[in-house]
Amino acid sequence: MAEIKLNAAVRSEFGKGAARRTRRANLVPAVVYGHGAEAVHITLPAHELHLALRTANVLIGLEIDGKDALVIPKAVQRNALKGNIEHVDLLTVKRGEKVEVEIAVHVEGELAPGGNLLEYVQNTLLVEAEATHIPESVTVSIAGLDAGDSILAKDVPLPAGSVLAGDEDAVVLQVVAAQAEEPAAEGAEAATTEA
């Protein structure tokens, strides 16, 4: 995964009013923490941050007052109506360090014929990977699965360098039979036609 570079500025104003002024200036308030260091409150350019966060678990290289920091997004708060980013929590990481992150689960292939439905029990998997080599997603084959079949977390093929960090017996995907509607009772049908 490529590292995205962003310039950050330390912020000294806090509170709702300061946050609103920051957002009006097309900046996003953020906090950087981790490795036992004191939290650093910063602002980031809104558009560049939005583009960077399109990639899940993106690795961001920050320049804060002449110092470099390597971070990954830990929590992103968005406006419920507009969808724009209101605040970001960033976790400091080091090259070679292992981190736990959630990665998306994608499927490929077709289920067995017969009106089966695929149910996502989990959309993501918790994995441990090197901070500079976090996979974006995993792909699972559902080819030929029939009603009653399921795929457990331990059955999902992980990219090299990643290990499962969550419950290995957790169900990730399961196949269920489609529910057919029961025909209406004939007596009830006759009563409605007479009325």
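Residues numbered from 1 in each chain as written. Predicted model: local features only at pLDDT ≥ 70, side-chain atom pairs only at ≥ 80, totals over all residues. Heavy atoms only, no water.

Trainee: Sorry, what's going on with the overall build of the chain here?
Mentor: Looking only at helices and strands, one finds three helices and 13 strands in the chain. For 195 residues, the compact-globule formula gives about 16 Å, and the C-alpha radius of gyration of the chain, at 24 Å, lies well above that figure. Across its three principal axes, the chain shows a C-alpha extent of roughly 80 × 50 × 25 Å. Expressed as a percentage of its 195 residues, the buried residues of the chain come to 33%. Within the chain, contacts between residues at least 6 apart in sequence are counted, and of these 63% link residues at least 24 apart. (Helix = DSSP H or I, 4+ residues; strand = E, 2+ residues; numbered from the N terminus. Rg over C-alpha atoms; globule rule 2.2 N^0.38 Å. Buried < 20%, exposed > 50% of the residue type's maximum accessible area, 1.4 Å probe, protein only. Contact = heavy atoms within 4.5 Å.)

Trainee: So what exactly am I meant to see when it comes to the sheet that holds strand 10 (residues 137-141) here?
Mentor: Sheet architecture is open: four strands sit in the order 10-7-9-12, paired in mixed fashion. Among the strands making up the open sheet, the edge pair consists of strand 10 and strand 12 (163-164). Relative to strand 9 (residues 124-130), strand 7 (residues 98-108) is paired through seven bridges, and the arrangement is antiparallel. Each bridged residue has a counterpart across the sheet, and for Ile103 the counterpart in strand 9 is Leu125. (Pairing = 2+ DSSP bridges.)

Trainee: Explain the side chain of Thr22 here, please?
Mentor: Take Thr22: it is sitting in helix 1 (residues 16-24). With relative accessibility at 15%, the residue Thr22 sits in the buried group. Within the structure, the side chain of Thr22 is placed 2.8 Å from the backbone oxygen of Ala18, a separation counted as a polar contact. (Polar contact = N/O pair within 3.5 Å; in protein donor to acceptor, adjacent residues only side chain to side chain.)

Trainee: Looking at this structure, I do not really get the sheet that holds strand 6 (residues 85-92). What am I missing?
Mentor: Strands belonging to one sheet form pairs held by backbone hydrogen bonds; the direction of such a pair is parallel or antiparallel. Read around the closed barrel, six strands run 1-3-2-6-5-4, paired in mixed fashion. When the angles between neighbouring strand axes are averaged without regard to direction, this sheet yields 45 degrees. Where strand 4 (residues 59-64) and strand 5 (residues 67-78) come together, five bridges link them in antiparallel fashion. By the bridge assignment for strand 5, Leu62 is matched with Ala69. Contacts from helix 1 reach strand 2 (27-34), strand 3 (37-45) and strand 6, with the element oriented near 115 degrees to strand 2. (Axes fitted to C-alpha atoms, helices over the stretch in contact; angles between N-to-C directions.)

Trainee: Please explain the pattern of salt bridges as it appears in this structure.
Mentor: Side chains that carry opposite charge are capable of pairing whenever their charged atoms lie near each other. In this structure the tally under the stated criterion is one salt bridge. The salt bridge partner of Asp169 is Lys154, with a shortest N-O separation of 3.1 Å. Of this pair, Asp169 sits in the loop between strand 12 and strand 13 (171-177) while Lys154 sits in the loop between strand 11 (150-152) and strand 12, and the two are 15 residues apart along the sequence. (Salt bridge = Lys/Arg side-chain N within 4 Å of Asp/Glu carboxyl O.)

Trainee: Looking at this structure, I do not really get the layout of surface pockets. What am I missing?
Mentor: Where empty space is left can be seen by rolling a probe of water-molecule size over the atoms. Of the pockets and cavities examined, the largest pocket occupies roughly 260 Å³. Val32, Val40, Ile64, Lys67 and Ala69 are the residues nearest the centre of the largest pocket, which is lined by 14 residues in total. Those elements giving two or more residues to the lining of the largest pocket turn out to be strand 2, strand 3 and strand 5. Among the elements that take part in the lining of the largest pocket, strand 5 stands out by supplying four residues, more than any other. Among the residues forming the lining of the largest pocket, the class breakdown is eight nonpolar, two polar and four charged. Here the second largest pocket defines a volume of roughly 200 Å³. Contributing to the lining of the second largest pocket are Arg23, Asn26, Leu27, Val28, Ala46, His50, Asn79, Lys82, Asn84, Ile85 and Glu86. (1 Å grid on protein atoms, 1.4 Å probe; cavity = no way out; pocket = protein on both sides within 12 Å on 5 of 7 lines; lining within 4 Å. Points joined across faces, edges and corners; volume = space filled by probe spheres on them. Nonpolar A, V, L, I, M, F, W, Y, C, P; charged D, E, K, R; others polar.)

Trainee: I'm lost on the nonpolar core in this one. Help?
Mentor: Across soluble globular proteins, nonpolar side chains have a tendency to be buried as a group. In this structure, Ile72 and Leu125 are the most contacted members of the largest nonpolar core, which totals 24 residues. In terms of residue count, strand 7 provides more of this core than any other element does, four residues in total. Every residue in contact with Ile72, bar those within four places of it in the chain, is listed here: Val58, Leu59, Asp89, Leu90, Leu91, Val93, Val99, Val101 and Ile134. Counting residues in hydrophobic clusters, the runner-up holds 18 residues, among them Leu6, Ile42, Ile60 and Val88. (Core = buried A, V, L, I, M, F, W, Y, C linked by side-chain atoms within 4.5 Å.)

Trainee: Can you walk me through unusual backbone geometry in this structure?
Mentor: Note: most residues except glycine have negative phi, and most peptide bonds are trans. Despite not being glycine, Asn26 shows a phi value in the positive range, around 60 degrees. Within the fold, Asn26 resides in the loop between helix 1 and strand 2.

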